[in-house]
Amino acid sequence: MKLKLSKYIIVSEPFYDGLDNKEKVVCFSTRFQNIYTFEIETYNFLCNGELNLLTKDLIKELIAAEILIPDSEDELNTIINRSNAALNDNKSLYYVIQPSAQCQLGCGYCGQTHRDAKIDDSIQQKILERIEEKLKKRKYNELSIGWFGGEPLSAFSSMRRLSNELILLSKKYNCNYTAKVITNGLALTLDKFKVIVNELKISNIEITIDGSDKYHDERRHTKNGSPTFNQIFKNLISISNSIENLNGSVNISVRCNVDRRNVDGVSDLLIILKEQKLQDKINFYCAPIHSWGNDAHKLSFTHQEYGDLEINWLMQMQKLGFRLNLFPNSKPIVCMTVEKDSEVIDAYGNYFSCTEIPYVDIYNNTEHVLGNVLNQSKKNTYRSYTNFHNDIIDDKFDCNKCPMLPVCGGSCPKQWYEGNIPCPSNKFNLGKKLLLHQLILRNEIIEELKKTVF
Ligand code: SF4
Ligand code: SF4
């Protein structure tokens, strides 16, 4: 069989390996998500199709890793077919519930309009009926709930009641139940955290902190301008320190939203987290600020600038002992918007197929509002972004030429259709991450060698 080099690989700049005096490159297969280090000569053989100069064992290994593939294969079709198959086979029903239209914070980049509305009993009942209908129609083995806002914890009693009912529902339909919450962290006291983990079965908690106090408070203040950093940070410390004493397992992530205004606060935040010994208790990551139906992205970095900054933060995190998550996983399903049944429901009972639509006024009365659980006579069965895979094949977006597609999935259909380019930082720095990974491995080897020699 004639073979060719897959186009779904990312390759680092060449580096000199002092351990065996060879020039090498590191290669990441986005189809199979594995890492190979090649001597530069071997890599050139692969690029030039001189496979007769490689050993049989290496060829076998590279076929298994989908780095070498049949010459006749149309790889874009393979990847899109895998995505379509994953959608057909998907056994996880995902719902995002936004139980409150209110949030205590007044972040400048937020695209939502907050109002004093919480999900009431009649809407809760209709949501349960709607989810049960979906569980009846199709065989799912997981019910997965994302609590999002406004600020979800400002409707805590509704979250509690609904969670208990949803857990019962998942049992009734033999489904595994999973849940996560994205919160500003201001009301996340230790007592609430314990209820969230033990009773509401939430296993992933994400808190946003936009840098050290000076930077965070400048943008994530309350609606009347009061600072929030100290309270959120106090909550973070107490919940992170209590993880070990809980029955259930829980992951706590801190996300730092970054643009030109708070970039200098990231490094300070990492140092403060380390001072509190949180570096191995939480997952930390940064995210660039994007348009939320508004102009928030205008103060963001270019993709390349952001990619370079991220490498600096990762190096600092490595030095400080944070967990590093350098490489992306397979992403056959880009997000809920392309799934058949998954939905977002807001506090008024409106339902949507994309998380960025609720509470954003420009989308009111548009096709993005699929219906309302209280009034099933007016509903829209058209989901805006379900043609995304076909549109990739039809060359509407750059994803059809991009080696990142198997691990990125196209990132965010909404952004593409609105004319923005949502490529993640990996597209701009994965080669550097491969080198960083090598550096870390080498340092570990050298440390091991030092232990044996001295
Ligand atoms: S389309 Fe974009 S914003 Fe909407 S759910 Fe998907 S990733 Fe999120
Ligand atoms: S969103 Fe960007 S990085 Fe992702 S597949 Fe499309 S072009 Fe590539």
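Above this text sits the structure in question.
Residues numbered from 1 in each chain as written. Chains lettered and ligands numbered in written order. Predicted model: local features only at pLDDT ≥ 70, side-chain atom pairs only at ≥ 80, totals over all residues. Heavy atoms only, no water.

Caption draft 1: Structural view of the site of ligand 1. Around ligand 1, the neighbouring residues are Cys335, Thr337, Cys354, Thr355, Glu356, Ser411, Cys412, Pro413 and Lys414. Its residues assigned to classes, the shell around ligand 1 comprises 4 nonpolar, 3 polar and 2 charged. (Near = heavy atom within 4 Å. Nonpolar A, V, L, I, M, F, W, Y, C, P; charged D, E, K, R; others polar.)

Caption draft 2: Layout of the environment of Phe301. In this fold, Phe301 is placed in the loop between β12 (283-288) and α10 (303-320). Put simply, Phe301 and Pro358 are 57 residues apart on the chain and 26 Å apart in space, counted from C-alpha to C-alpha. Contacts of Phe301, omitting those with residues within four sequence positions, involve Val258, Asp259, Arg260, Val263, Tyr306 and Leu309. (Helix = DSSP H or I, 4+ residues; strand = E, 2+ residues; numbered from the N terminus. Contact = heavy atoms within 4.5 Å.)

Caption draft 3: Looking closely at the pairing of strand β8 (residues 142-147). Within β8, 5 of the 6 residues are buried, which leaves the element mostly enclosed by the surrounding structure. Two strands pair when backbone bridges link them, and strand β7 (residues 92-97) and β8 are joined in this way by 6 bridges, in the parallel orientation. From the neighbouring strand, Tyr95 faces β8, where its bridge partner is Ile145. Crossover handedness for the path β7 to helix α4 (residues 121-137) to β8: right-handed. Taken together, β8, helix α5 (residues 156-172) and strand β9 (residues 176-183) form a β-α-β motif whose crossover is right-handed. (Buried < 20%, exposed > 50% of the residue type's maximum accessible area, 1.4 Å probe, protein only. Pairing = 2+ DSSP bridges. Right-handed = clockwise from strand over helix to strand, strands pointing away.)

Caption draft 4: Spatial organisation of helix α8 (residues 229-240). Given a rise of 1.5 Å per residue, 12 residues ought to cover 16 Å, and the 16 Å separating the end C-alpha atoms of α8 matches this to within 8%. By the burial criterion, the buried members of α8 are Phe229, Ile232, Phe233, Asn235, Leu236, Ile237, Ile239 and Ser240. Its buried side turned inward, α8 meets α6 (190-198), β10 (204-208), α7 (213-219), β11 (251-258) and α9 (264-275). (Expected span 1.5 Å × (residues − 1).)

Caption draft 5: Highlighting empty space enclosed by the protein. As enumerated under the stated definition, the model contains 3 cavities of 30 Å³ or more in all. Every residue lining the largest cavity is counted, 13 residues in all, and those nearest its centre are Cys399, Cys402, Cys408, Trp416 and Cys423. Split by residue class, the lining of the largest cavity holds 9 nonpolar, 2 polar and 2 charged. For the second largest cavity, the calculated volume is near 50 Å³. The wall of the second largest cavity is formed by Leu87, Asn90, Ser92, Leu93, Arg138, Tyr140, Glu339, Lys340, Asp341 and Ser342. Here the residues of the lining of the second largest cavity sort into 3 nonpolar, 3 polar and 4 charged. (1 Å grid on protein atoms, 1.4 Å probe; cavity = no way out; pocket = protein on both sides within 12 Å on 5 of 7 lines; lining within 4 Å. Points joined across faces, edges and corners; volume = space filled by probe spheres on them.)

Caption draft 6: View of the pairing of β11. Taking burial as the measure, the 8 residues of β11 include 6 buried ones, the bulk of the element. Bridge count for β10 against β11 is 5 bridges, and the pairing is parallel. Bridge pairing in β11 places Glu206 opposite Ser253. Note that β11 and β12 share 6 bridges and pair parallel. Looking at β12, one finds that Arg255 is bridged to Tyr285.

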